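Chain by chain, the residues:
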Amino acid sequence: MDVRIYYQDTDCGNVVYYGNYLRYFEQGRTHWLEQQGLSVKAFMDAGTLFAVVRAEVFYRSPARYGETLSIATRLTEMRAASFTFAHEIREKTSGRLVVEGGARLATVDLQGKLTKLPKALRERLAKAMGAD
């Protein structure tokens, strides 16, 4: 998925504010799940929430106002109650690596208690991992 960098995304040096990459990762994960036919909203409505329990960001080069970033997301691991994504963000025109990282998400109920991945989610994630 592509994301255009706007002025609001940058710091006083017109470089993307470092915390925004976590937001871009979130957008990439949501887009990836939707591409697999999975709706985050549908899981929320059914009482299953996704909580980020670990995130890593490795900054490789600065992205600046006006550039377009391409976000690549893939599923790397699935456990009984969590799943892990890897993210790579590149400047679209040059292909320059900007950021790479990952995030582990745990499934929790509406009270925040850890729960196993719902069967429908496990099946879709397993299928998607096999396709990567």
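For the structure itself, look to the data block above.
Residues numbered from 1 in each chain as written. Predicted model: local features only at pLDDT ≥ 70, side-chain atom pairs only at ≥ 80, totals over all residues. Heavy atoms only, no water.

## Quick word on a nonpolar patch on the surface
Together, Tyr-6, Tyr-7 and Tyr-65 make up a nonpolar patch on the protein surface, roughly 400 Å² of accessible area in all. For Tyr-65, the position within the fold is in the loop between strand S2 (49-59) and strand S3 (68-78). The class for Tyr-65 is partly exposed, based on a relative accessible area of 46%. (Patch = residues over 30% accessible without salt bridge, like charges linked within 9 Å, V, L, I, M, F, W, Y side chains within 5 Å. Areas by Shrake-Rupley, 256 points an atom, 1.4 Å probe, with all protein chains shown as cover. Salt bridge = Lys/Arg side-chain N within 4 Å of Asp/Glu carboxyl O. Helix = DSSP H or I, 4+ residues; strand = E, 2+ residues; numbered from the N terminus. Buried < 20%, exposed > 50% of the residue type's maximum accessible area, 1.4 Å probe, protein only.)

## Description of the sheet that holds strand S4 (residues 82-91)
If you walk across this open sheet you meet the five strands as S1-S3-S4-S5-S2, and the pairing is antiparallel. At either margin of the open sheet sits one strand with a lone partner, and together these are strand S1 (2-4) and S2. Pairwise comparison of adjacent strand axes, ignoring direction, gives a mean angle of 25 degrees for this sheet. In the sheet, S1 pairs with S3 via three bridges, with the strands oriented antiparallel. Residue pairing in the sheet places Asp-2 in a bridge with Ser-70 of S3. Strand contacts of helix H1 (residues 20-35): S1, S2, S3, S4 and strand S5 (97-108), with the helix running at about 65 degrees to S3, the strand carrying the most contacts. (Pairing = 2+ DSSP bridges. Axes fitted to C-alpha atoms, helices over the stretch in contact; angles between N-to-C directions. Contact = heavy atoms within 4.5 Å.)

## Section: the side chain of Glu-67
Along the chain, Glu-67 turns up in the loop between S2 and S3. From its side chain, Glu-67 meets the backbone nitrogen of Arg-64 in a polar contact 2.9 Å long. Side-chain polar atoms of Glu-67 contact the side chain of Arg-96, separated by 3.1 Å. Those residues in contact with Glu-67 that lie beyond four places of it in its chain are Val-3, Arg-4, Ile-5, Pro-62, Glu-91 and Arg-96. (Polar contact = N/O pair within 3.5 Å; in protein donor to acceptor, adjacent residues only side chain to side chain.)

## Points about the packing of aromatic side chains
Applying the stated criterion across every chain yields a total of eight aromatic pairs. With 5.2 Å between their ring centres and 75 degrees between their planes, Trp-32 and Phe-85 make a pair best called edge-to-face. Here Trp-32 is found in helix H1, whereas its partner Phe-85 is found in strand S4, with 53 residues between them in sequence. Residues Trp-32 and Phe-85 agree in their burial class; the two are buried. Taken together, the ring pairs in this structure connect Trp-32, Phe-43, Phe-50, Phe-83 and Phe-85 into an aromatic cluster. Lying across the ring of Tyr-6, Arg-4 places its NZ or CZ 6.0 Å from the centre. (Phe/Tyr/Trp six-rings, centres within 6.5 Å; stacked < 30°, edge-to-face > 60°. Lys NZ or Arg CZ within 6 Å of the ring centre and 35° of its normal.)

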